[in-house]
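Commentary on secondary and tertiary structure
Listed here are the chains, written in short residue letters.
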Amino acid sequence: MSDKKVIAVTGATGAQGGGAARAILNDPDSGFTVRALTRNPDSPAARELAELGAEVVRADFHVEPTVHRAFEGAYGAFLVTNFWAHGSAAKELEEIEVLVRAAKAAALRHVVWSTLEDTRELLPLEDERMPVLQEKYNVPHFDAKGEGNELFRQAGVPTTFLHTTFYFQGFLSMMAPKRAEDGVLTLTLPLEDGKLLAGVDVADIGRTALAILKAGKRFIGQSVGLAGDHLTGTQYAQKLGAAIGEPVRFQSVPYDVFRSLGVPAGDEIANMFQYYGDFDQEFTGARNLDLLREINPALKNFDAWLAENASKIEVK
């Protein structure tokens, strides 16, 4: 029987949870093994994790007893919620409450909670520079997670708060450069010229979480802001162009214009980028790249990520 400590991983078939599960499974000397939580243990992604050595269990945030059972006997957990599955901050908070109750009941020794800043701490709702969404949020998918941080603290769950950021993978999909009417590839973002945008390889979330778990008590009760690089829109465009082999220019779209474009979740995305821009020093300042590379020496910067992923960028 294995004497490895069990780490319960939520969202195990998603980007963050899958990355955390694989990081643990790929490190035979970590002292940990994975219990992968999923609503569908028969999915291809779940079966793949099982083949890699994970214990796959059925769990649903909306059926609380399944989460409690999944945490029983575990040493720790990597916890993440998916706002985009429903788009509701209220529902996300309900899911976080379930995770907190289950983690406390199971007496987990160390939780790494994938979270984000509560933007209302720097930008009160009374500030009229951006629209209030879902009645009481600036950026719902940030603010709900940020609000959830206090729930872990109040419950006394030994937690490391891993503050994530924009995924480099966004440049493979919605944020990919597109050819403008004049034929020039253009990176179009609601980000002001000269403002920094912290980005990270989504797989580094899991790798950093594993490093934090391996460090034991050092990071319990601490917040760790995660990023792999801090670059301006122009710098992202230049690096994308060099990797693609064709110049890419950066085009800044005013926040209000972006909100008017009819983009899915456009208000939410514009508010997020406005927060990045208006508070870029605070946001990037909470993500110390030198400290992060002490924690996770393999942390990828944008150049390293591009070297592995440039061929996946579809130029249209």
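Residues numbered from 1 in each chain as written. Predicted model: local features only at pLDDT ≥ 70, side-chain atom pairs only at ≥ 80, totals over all residues. Heavy atoms only, no water.

Side note on the sheet that holds strand S12 (residues 229-232)
Across the sheet, three strands lie side by side as S7-S10-S12; this open sheet has mixed pairing. For this open sheet the edge positions go to strand S7 (166-167) and S12, each flanked by a neighbour on one side alone. (Pairing = 2+ DSSP bridges. Helix = DSSP H or I, 4+ residues; strand = E, 2+ residues; numbered from the N terminus.)

A few points about the packing of aromatic side chains
All told, the structure shown has 18 aromatic pairs when counted by the stated rule. Seen from their ring centres, Phe166 and Phe273 are 6.3 Å apart, and the 65° between their planes marks the pair as edge-to-face. Taken together, the positions of Phe166 in strand S7 and Phe273 in helix H9 (residues 266-278) put the pair 107 residues apart, joining distant regions of the chain. For Phe273, a relative accessible area of 0% gives the class buried. Between Phe171 and Tyr236, the ring centres sit 5.2 Å apart and the planes meet at 45°, which makes this aromatic pair tilted. Taken together, the residues Phe171 in the loop between S7 and strand S8 (178-179) and Tyr236 in helix H7 (residues 233-244) connect sequence positions 65 residues apart. Among the aromatic side chains, those forming a connected cluster through ring pairs are Phe142, Phe166, Phe168, Phe171, Tyr236, Phe273, Tyr275, Tyr276, Phe279, Phe283, Phe302 and Trp305. Just above the ring of Phe161 sits the side chain of Arg153; from NZ or CZ to the centre is 4.3 Å. Sitting over the face of the ring of Phe283, Arg287 holds its NZ or CZ atom 3.7 Å from the ring centroid. (Phe/Tyr/Trp six-rings, centres within 6.5 Å; stacked < 30°, edge-to-face > 60°. Buried < 20%, exposed > 50% of the residue type's maximum accessible area, 1.4 Å probe, protein only. Lys NZ or Arg CZ within 6 Å of the ring centre and 35° of its normal.)

What about the pairing of strand S1 (residues 5-9)?
Regular strands place side chains that alternate from one sheet face to the opposite one. The buried fraction of S1 is high, at four of five residues. As a crossover connection, the stretch from S1 through helix H1 (residues 15-25) into strand S2 (residues 32-38) is right-handed. Across three bridges, S1 lies against strand S4 (residues 76-79) in parallel orientation. What sits directly across from Ile7, in S4, is Gly76. (Right-handed = clockwise from strand over helix to strand, strands pointing away.)

A closer look at unusual backbone geometry
We note that Ala107 has phi near 55°; this positive angle belongs to a residue other than glycine. Within the element layout of this structure, Ala107 appears in the loop between helix H4 (89-105) and strand S5 (110-115). The phi dihedral of Ala265 falls on the positive side, at around 55°, and the residue is not glycine. Examined against the element boundaries, Ala265 turns out to sit in the loop between helix H8 (255-259) and H9. Relative accessible area serves as the criterion here: at 37%, Ala265 is assigned to the partly exposed category.

Looking at H7
For H7, which comprises twelve residues, the first-to-last C-alpha distance of 16 Å matches the rise-based estimate of 16 Å (1.5 Å per residue) to within 8%. Looking only at H7, the buried set comprises Gly233, Tyr236, Ala237, Leu240 and Gly241. The buried residues of H7 all sit within an arc of 130° when viewed along its axis, so they share a single face. In H7, the exposed positions angled more than 90 degrees off the buried face are occupied by Gln238 and Ala242. Looking at the buried residues of H7, the elements they touch are strand S9 (185-189), strand S10 (196-200), S12, strand S13 (248-252) and helix H12 (302-309). (Expected span 1.5 Å × (residues − 1). Arc of directions from axis to C-beta. Contact = heavy atoms within 4.5 Å.)

Examining the sheet that holds S13
Spatial strand order, S8-S9-S13: three strands in an open sheet with mixed pairing. Single-partner strands in this sheet number two, and they are S8 and S13. Sheet topology places S9 next to S13; five bridges connect them, and they run parallel. Counterpart to Leu185 in the pairing with S13 is Val248. Strand contacts of H7: S9 and S13, with the helix running at about 155° to S13, the strand carrying the most contacts. (Axes fitted to C-alpha atoms, helices over the stretch in contact; angles between N-to-C directions.)

Considering the side chain of Thr208
Its place among the elements puts Thr208 in helix H6 (residues 202-214). One polar contact links Thr208 to Asn296, side chain to side chain, over a distance of 3.2 Å. Excluding its chain neighbours within four sequence positions, the residues that come into contact with Thr208 are Leu162, Leu226, Ile295, Asn296 and Leu299. (Polar contact = N/O pair within 3.5 Å; in protein donor to acceptor, adjacent residues only side chain to side chain.)

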